[in-house]
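# Per-entry structural report
Here is what each chain is made of, one letter per residue.
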Amino acid sequence: RIIARLDPSVPLHIVPGNHDIRGFKSENYKRYMELVGYDRFSFKKGDCAFIGFDSNCIQNHVQPQEGAQFEWLENELRKASEMTTSTDRRHIYLFCHCPIVYEKYDEDDNHNAFPKDLRDKYLELFKKYGVEAVFTGHSHIGTTLDLEGIRTINADPVADAFGGHKSGIYVYHVTPSGFTYDFKAIQ
């Protein structure tokens, strides 16, 4: 309903959240795919690669989806790391719903992050291919962390902010040297 109100000339790329899939039950996943058509994306624009994937299967240890997606993600990251650029830099940005970590890398398993036994697997993959940043949501609290040189930005939500945070949107500015962003609070 909300997506239908957006300007159709602006490209829209979506990754599923936990409320879209609800624990990765097959019937919910099938419904999501019927509505959206995909659970991941990959495209290049200029010197940037934008890759979105479904973190629900990671957070919930769902096989064979997690393994198949890992292979797809590694292939997309390899292609992105080999892309020809107009500068000496390439920017690889990842998008998923659930953050890799919530507060710190060695935290216990929790609803707001990748499970401990999969954090190393994904962080090593991201480092191997030079991922610059991972953009997430999920926790309804905006946070930023540096994970061994990879910026992780867990956005404040558009609605239902927790812990005194504000609802709003982020506007990103991508330049040859990287990116900056502004947060626009919704009144």
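Below, the structure is looked at part by part.

The rules we used
- Residues numbered from 1 in each chain as written.
- Predicted model: local features only at pLDDT ≥ 70, side-chain atom pairs only at ≥ 80, totals over all residues.
- Heavy atoms only, no water.
- Patch = residues over 30% accessible without salt bridge, like charges linked within 9 Å, V, L, I, M, F, W, Y side chains within 5 Å.
- Areas by Shrake-Rupley, 256 points an atom, 1.4 Å probe, with all protein chains shown as cover.
- Salt bridge = Lys/Arg side-chain N within 4 Å of Asp/Glu carboxyl O.
- Helix = DSSP H or I, 4+ residues; strand = E, 2+ residues; numbered from the N terminus.
- Buried < 20%, exposed > 50% of the residue type's maximum accessible area, 1.4 Å probe, protein only.
- Axes fitted to C-alpha atoms, helices over the stretch in contact; angles between N-to-C directions.
- Parallel < 35°, antiparallel > 145°, perpendicular 65-115°, else oblique.
- Left-handed = near helix turned anticlockwise from the far one by under 90°.
- Contact = heavy atoms within 4.5 Å.
- Nonpolar A, V, L, I, M, F, W, Y, C, P; charged D, E, K, R; others polar.
- Phe/Tyr/Trp six-rings, centres within 6.5 Å; stacked < 30°, edge-to-face > 60°.
- Lys NZ or Arg CZ within 6 Å of the ring centre and 35° of its normal.

### With respect to a nonpolar patch on the surface
- Together, Val158, Ile169, Val171 and Ile186 make up an exposed nonpolar region whose accessible area comes to about 320 Å².
- Structurally, isoleucine 186 can be placed in the segment after β8 (178-185).
- For isoleucine 186, a relative accessible area of 44% corresponds to the partly exposed category.

### Observations concerning the packing of helix α4 (residues 65-81) against helix α5 (residues 116-128)
- Packing of α4 against α5 brings their axes to within 10 Å, and their N-to-C directions diverge by 15°. Taken together, α4 and α5 sit at an angle that is classed as roughly parallel. In the packing of α4 onto α5, the handedness of the crossing is right-handed. From α4, Glu66, Phe70, Leu73, Glu74 and Leu77 reach across to α5, where they touch Leu118, Lys121, Tyr122, Leu125, Phe126 and Lys128.
- Here the residues of the contact of α4 with α5 sort into 7 nonpolar, no polar and 4 charged.

### As for the pattern of salt bridges
- Throughout the structure, instances matching the rule amount to 8 salt bridges.
- Between arginine 40 and aspartate 39 there is a salt bridge, and its shortest N-O distance comes to 3.1 Å.
- Linking lysine 128 and glutamate 74 is a salt bridge whose minimum nitrogen-to-oxygen distance equals 3.5 Å. On the criterion of sequence distance, the pair formed by lysine 128 in helix α5 and glutamate 74 in helix α4 is long-range, its members being 54 residues apart.
- Owing to a relative accessible area of 56%, lysine 128 belongs among the exposed residues under this scheme.
- Sharing partners across several salt bridges, the network here consists of Glu124, Lys127 and Glu148.

### Some points on the environment of cysteine 96
- Structurally, the position occupied by cysteine 96 is in the loop between β3 (91-95) and α5.
- Once the C-alpha coordinates of cysteine 96 and serine 55 are considered, the two residues, 41 residues apart in sequence, prove to be 5.7 Å apart.

### Observations regarding the packing of aromatic side chains
- The full count for this structure, using the stated rule, is 19 aromatic pairs.
- Seen from the ring of tryptophan 72, arginine 40 lies directly overhead, with NZ or CZ sitting 5.3 Å from the centre.

Don't take any of this as a statement about function, it's just geometry.
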